[in-house]
Amino acid sequence: MLTPWEFFTDLTNPLLVFLPKALLVAVVCSIVAGVIGCHVVLRGMAFIGDAVAHSVFPGLAVAFLLQGSLLLGGAIAGLVTAILVAIVSQNRRLKEDSVIGILFAGAFALGIVIISRAPGYSGSLQQFLFGSITGITNDDIVIVCVAGALVLLIERALHKELVTVGLDRETARAIHMPVFGLDLVLYVLVTLTVVISVQVIGNVLVLALLVTPAATARLLTDRLDRMMVLAPIIGGLSALVGLYLSWSIDLPAGGTIVLVATVVFLLCWVFAPRGLLRQTRRRTA
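Residues numbered from 1 in each chain as written. Predicted model: local features only at pLDDT ≥ 70, side-chain atom pairs only at ≥ 80, totals over all residues. Heavy atoms only, no water.

Participant: Just checking my understanding: could you explain the side chain of Ser-30 for this structure?
Facilitator: Its location among the elements puts Ser-30 in helix α2 (residues 18-42). When its relative accessible area of 1% is taken as the criterion, Ser-30 is described as buried. A distance of 2.7 Å separates a polar side-chain atom of Ser-30 from the backbone oxygen of Ala-26. The contacts of Ser-30, once residues within four sequence positions are left out, are Leu-209, Pro-232, Gly-235, Gly-236 and Ala-239. (Helix = DSSP H or I, 4+ residues; strand = E, 2+ residues; numbered from the N terminus. Buried < 20%, exposed > 50% of the residue type's maximum accessible area, 1.4 Å probe, protein only. Polar contact = N/O pair within 3.5 Å; in protein donor to acceptor, adjacent residues only side chain to side chain. Contact = heavy atoms within 4.5 Å.)

Okay, structure coming up:
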């Protein structure tokens, strides 16, 4: 196993130029996902992250067939589906989770049909599902950084409104907030976060990048402002440690990053100030 210093040496090795690119994109995606994940956890929308990951798949498949940008293809497909969900969900006869399940499952099925028409699609399908962090290009880095910055700027500009709708939708309506518009903005932010993270973590594991750091931060504090700081820090450190372990022991990068984040969550669940250990001691006392 490599020492941290040896890992740092590899990062500066000109023959391993893909490694610092992978680290940069992994950390940026984890930070953005940590911030947006706080809203997902706050509103109990963990299902939406998984669903959006499915919805971007047909866009990825079409982009692959046309040899275009996977990020652009996934973003278009995800945004179209997110808008449809926001619109259809306004019909109160259907619950939001039912609409999400129908549309996103249908989108994923469409992606499978499209990608099956490509020769040698099995290998490509594996990259879509589990990520391909070592194949990141300079163009990917620019797109991820620009899209990530855009997501964070929009979240900061509408932070108070998004939190208000997340905590009390009826009050938000009563004070004439555009609840539908804010729902749509959040869906778009989640979609963009998922799209830029797919190449790092893959469709299957992207939900963990979105939810686990935010849920871990929630165990450590009751204050939303602190949670919004802790979640991206936890996500970024998980990406750094996960990529280090992945490179040192020759493990899948996406899976290792998620496992590190999961271990951090479990440790906090047990040892946090309001964790399992403290609750057990109080009951015993």
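Participant: Quick question: what am I supposed to make of helix α13 (residues 253-271) here?
Facilitator: Counting along an α-helix, one turn takes 3.6 residues, and residues three or four places apart therefore face a common direction. If you check α13, its first and last C-alpha atoms are 27 Å apart, about what 19 residues at 1.5 Å a residue would give, namely 27 Å. Three or more residues of α13 are buried, namely Ala-253, Gly-254, Thr-256, Ile-257, Val-258, Val-260, Ala-261 and Cys-268. (Expected span 1.5 Å × (residues − 1).)

Participant: What should I look at first to understand the packing of aromatic side chains in this one?
Facilitator: The description of two aromatic rings rests on the distance between their centres and on the angle between their planes. Throughout the structure, instances matching the rule amount to 3 aromatic pairs. Ring geometry for Phe-7 and Tyr-244: centres 5.4 Å apart, planes at 65°, overall edge-to-face. Taken together, the residues span a long stretch of sequence, with Phe-7 in helix α1 (residues 4-11) and Tyr-244 in helix α12 (residues 224-249) at a distance of 237 residues. The two residues Phe-7 and Tyr-244 agree in class, both being buried. (Phe/Tyr/Trp six-rings, centres within 6.5 Å; stacked < 30°, edge-to-face > 60°.)

Participant: Sorry, what's going on with the pattern of salt bridges here?
Facilitator: When the charged atoms of two side chains lie near each other, side chains of opposite charge can form a pair. By the definition in use, this model includes 6 salt bridges. Taking the shortest distance from any N to any O, the salt bridge between Glu-155 and Arg-156 comes out at 3.9 Å. For Arg-156, a relative accessible area of 52% corresponds to the exposed category. A single salt-bridge network, built from bridges that share partners, covers Arg-43, Arg-169 and Asp-183. (Salt bridge = Lys/Arg side-chain N within 4 Å of Asp/Glu carboxyl O.)

Participant: Is there a simple way to think about the environment of Ala-214 in this case?
Facilitator: Examined against the element boundaries, Ala-214 turns out to sit in helix α11 (residues 179-220). Taking the C-alpha atoms as reference, Ala-214 lies 7.8 Å from Met-228; in sequence the two are 14 residues apart.

Participant: Looking at this structure, I do not really get helix α4 (residues 57-65). What am I missing?
Facilitator: Turning to α4, its buried residues number three or more, namely Phe-57, Pro-58, Gly-59, Leu-60, Ala-61 and Ala-63. At the C-terminal side of α4, Gln-67 shows a positive phi close to 55°.

Participant: What am I meant to see in unusual backbone geometry here?
Facilitator: Note: most residues except glycine have negative phi, and most peptide bonds are trans. Here the phi dihedral of His-176 falls at roughly 65°; this positive angle occurs in a residue that is not glycine. Within the secondary structure, His-176 is located in the loop between α10 (169-174) and α11. A positive phi is found at Asp-250, a non-glycine position, where the angle reads about 60°. With respect to the secondary-structure elements, Asp-250 resides in the loop between α12 and α13.

Participant: In this structure, what is going on with the state of the cysteines? I would like to understand it.
Facilitator: A covalent bond between the sulfur atoms of two cysteines is what we call a disulfide. Across all of its chains, the model carries 0 disulfides by this definition. In this structure Cys-29 is a free cysteine whose sulfur lies 8.5 Å from that of Cys-145, the closest cysteine sulfur available. On the basis of relative accessibility, which here comes to 0%, the residue Cys-29 falls in the buried class. (Disulfide = S-S within 2.5 Å.)

Participant: Where do I start with the confidence of the model for the chain in this structure?
Facilitator: Predicted coordinates in regions of low pLDDT should not be interpreted in detail. In this model, the chain carries a mean pLDDT of 81, and residues with pLDDT of at least 70 account for 81%. Of all secondary-structure elements in the chain, the lowest mean pLDDT belongs to helix α7 (residues 121-130), at 56, while α12 reaches the highest, 92. (pLDDT = per-residue confidence, 0-100.)

Participant: I'm lost on the side chain of His-39 in this one. Help?
Facilitator: Checked against the element boundaries, His-39 lands in helix α2. If sequence neighbours within four positions are ignored, His-39 has contacts with Glu-155, His-159, Leu-162, Val-163, Leu-186 and Met-228.

Participant: Is there a simple way to explain the packing of α12 against α13 in this structure?
Facilitator: In helix packing, the relevant descriptors are the interaxial angle and the interaxial distance, both defined with respect to the helix axes. As a packed pair, α12 and α13 sit with axes 8 Å apart at the nearest point and diverge in direction by 130°. As judged from the angle between their axes, α12 and α13 are oblique. Once α12 is placed against α13, the crossing between them reads as right-handed. Contacts from Ile-234, Ser-238, Ala-239, Val-241, Gly-242, Leu-243, Leu-245 and Ser-246 of α12 reach α13 at Ala-253, Thr-256, Ile-257, Val-260, Ala-261 and Val-264. Considering only residue class, the contact of α12 with α13 consists of 10 nonpolar, 4 polar and no charged. (Axes fitted to C-alpha atoms, helices over the stretch in contact; angles between N-to-C directions. Parallel < 35°, antiparallel > 145°, perpendicular 65-115°, else oblique. Left-handed = near helix turned anticlockwise from the far one by under 90°. Nonpolar A, V, L, I, M, F, W, Y, C, P; charged D, E, K, R; others polar.)

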